[in-house]
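Structural description and commentary
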Amino acid sequence: MGLEDLFARLNEADYKNWLKAGFCLQKLREGLCGFADSEMRDFHNTVIENNLILQRRQRCSSSCRPRGNQFESACPLCNEWRREILRHHTKPSGVINWGNCRPWLWPAQHWELAKAFMPRGLADLSRADQCDAAALLNLLHFCDHFSFIKQSVIREVIHCRNELMHSCKLRVSNEWMARFQKSLEQLLRTLRHVPEVAASDQQIQEMLSVDLSLHIPGVVCVDGASTDGELIESISRCETDLLRESLRDLLNNSELEGNHITLEKLQNVNRFLSSHKDLEEQFRTELQSIRILEAQQLQGVKSDHA
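Residues numbered from 1 in each chain as written. Predicted model: local features only at pLDDT ≥ 70, side-chain atom pairs only at ≥ 80, totals over all residues. Heavy atoms only, no water.

So, on to the nonpolar core. One broad trend across soluble globular proteins is that nonpolar side chains are buried collectively. Trp111 and Leu139 are the most contacted members of the largest nonpolar core, which has 89 residues in total. Tallying contributions element by element places helix 2 (residues 13-49) first for this core, with 16 residues. Residue-level mapping places this core at the junction of two domains, with at least three residues from each of domain 1 (15-204) and domain 2 (260-305). (Core = buried A, V, L, I, M, F, W, Y, C linked by side-chain atoms within 4.5 Å. Buried < 20%, exposed > 50% of the residue type's maximum accessible area, 1.4 Å probe, protein only. Helix = DSSP H or I, 4+ residues; strand = E, 2+ residues; numbered from the N terminus. Domains from an automatic or database assignment.)

Following this line, the structure appears as structure tokens:
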């Protein structure tokens, strides 16, 4: 990829904000991984120790499997695990993504238990370091083991993350960035005793303070500033990961939203990717899916007005 293409995009202030916020969420994820894994290991052991049935450490012999988000028919052992999950879920009457789980692994693998508190679509993941920021934040919010963290702070970071991923034009304003930064700092302050979180906090603060639009490797800019290739490579990887996550969210959720909202998003993303040759090539498969969905949505709109 020619870095000139990336820096042309970084000269757009609101897109630069979008990228910087995504970078911060990636660093937050890195900081939370080890913490969440360790805490869920403790939580898993505590659940077992406090339940006479689970103390036997038996395994499911019935191959119990959820059907989508439904998990009504289960053996007595899996049903006991199900009760424990609901007992420790902060919103037990809401949607539980049972489809994430392989119940026969609950007795032995703590991360299988963690996935019951996460967004859908994580069935194939088996470790904390495979999860994105949204998955880890939802775990902290929906599992009462983490009630020592102020939940309103977690909710605000989740809200900001969703706004970022669902931004129609892949851009956010300076005002939005200020709100995002405040909510992120409040969460990081709560967990500053965790070394990995503290390290992520430092990287986040560095990213929020740098003016990316001024830096092109090997090129003297209008104010004489330049930067090293390591930061640029990191930003480039961040852009790829962030766009992939945003496109995955868009494609997975396109059928769940109203036609006009989805159509606007599809059109904007199509225009954005198509106007940047490096991204058009890199996300060729996703772009093809977006164009198919866009055509379907346009046909639906025409039918509604016929």
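Before going further, it helps to spend a moment on the packing of aromatic side chains. Following the criterion strictly, the structure yields 10 aromatic pairs and no others. Each ring, one from Phe71 and one from Trp106, has its centre 5.8 Å from the other, and the planes form 80°; the classification is edge-to-face. With Phe71 in the loop between helix 2 and helix 3 (76-88) and Trp106 in the loop between helix 3 and helix 4 (110-114), this pair connects stretches of sequence that are 35 residues apart. Taken together, Tyr15, Trp18 and Phe272 form an aromatic cluster joined through their ring pairs. (Phe/Tyr/Trp six-rings, centres within 6.5 Å; stacked < 30°, edge-to-face > 60°.)

This brings us to unusual backbone geometry. Even without glycine at this site, Arg57 takes up a positive phi of about 55°. If you trace the backbone, Arg57 turns up in the loop between helix 2 and helix 3. Residues other than glycine seldom take positive phi values, yet Leu170 does so here, at roughly 55°. Tracing the sequence through the fold places Leu170 in the loop between helix 6 (151-165) and helix 7 (174-190). Judged by relative accessible area, Leu170 falls into the buried class, the value being 3%.

What follows concerns the pattern of salt bridges. Applying the stated rule across the entire model yields 19 salt bridges. Taking the shortest distance from any N to any O, the salt bridge between Arg41 and Asp37 comes out at 3.4 Å. With Arg41 and Asp37 both in helix 2 and four residues apart, this pair spans about one turn of that helix. A relative accessible area of 42% means that Arg41 is categorised as partly exposed. Looking at Asp37, the relative accessible area reads 22%, which means it is partly exposed. Residue Arg161 pairs with Asp249 through a salt bridge whose shortest N-O separation is 3.0 Å. In this pair, Arg161 sits in helix 6 while Asp249 sits in helix 9 (residues 229-253), placing the two residues 88 residues apart along the sequence. (Salt bridge = Lys/Arg side-chain N within 4 Å of Asp/Glu carboxyl O.)

With that out of the way, let us pick up the packing of helix 2 against helix 8 (residues 195-209). At a closest axis distance of 8 Å, the pairing of helix 2 and helix 8 adopts a crossing angle of 170°. Compared by their axis directions, helix 2 and helix 8 come out roughly antiparallel. For the pair helix 2 and helix 8, the contacting residues are Lys20, Phe23, Cys24, Lys27, Leu28, Glu30, Gly31 and Leu32 in the first and Glu196, Val197, Ser200, Gln203, Ile204, Met207 and Leu208 in the second. A class-by-class count of the residues in the contact of helix 2 with helix 8 yields eight nonpolar, three polar and four charged. (Axes fitted to C-alpha atoms, helices over the stretch in contact; angles between N-to-C directions. Parallel < 35°, antiparallel > 145°, perpendicular 65-115°, else oblique. Contact = heavy atoms within 4.5 Å. Nonpolar A, V, L, I, M, F, W, Y, C, P; charged D, E, K, R; others polar.)

Another aspect to go through is the environment of Val47. Position of Val47 among the secondary structure elements: in helix 2. Residues Val47 and Glu84, spaced 37 residues apart in sequence, show a C-alpha to C-alpha distance of 7.4 Å. In contact with Val47, not counting residues within four places along its chain, are Leu54, Trp81, Glu84 and His88.

Nothing here speaks to function; it is all geometry.
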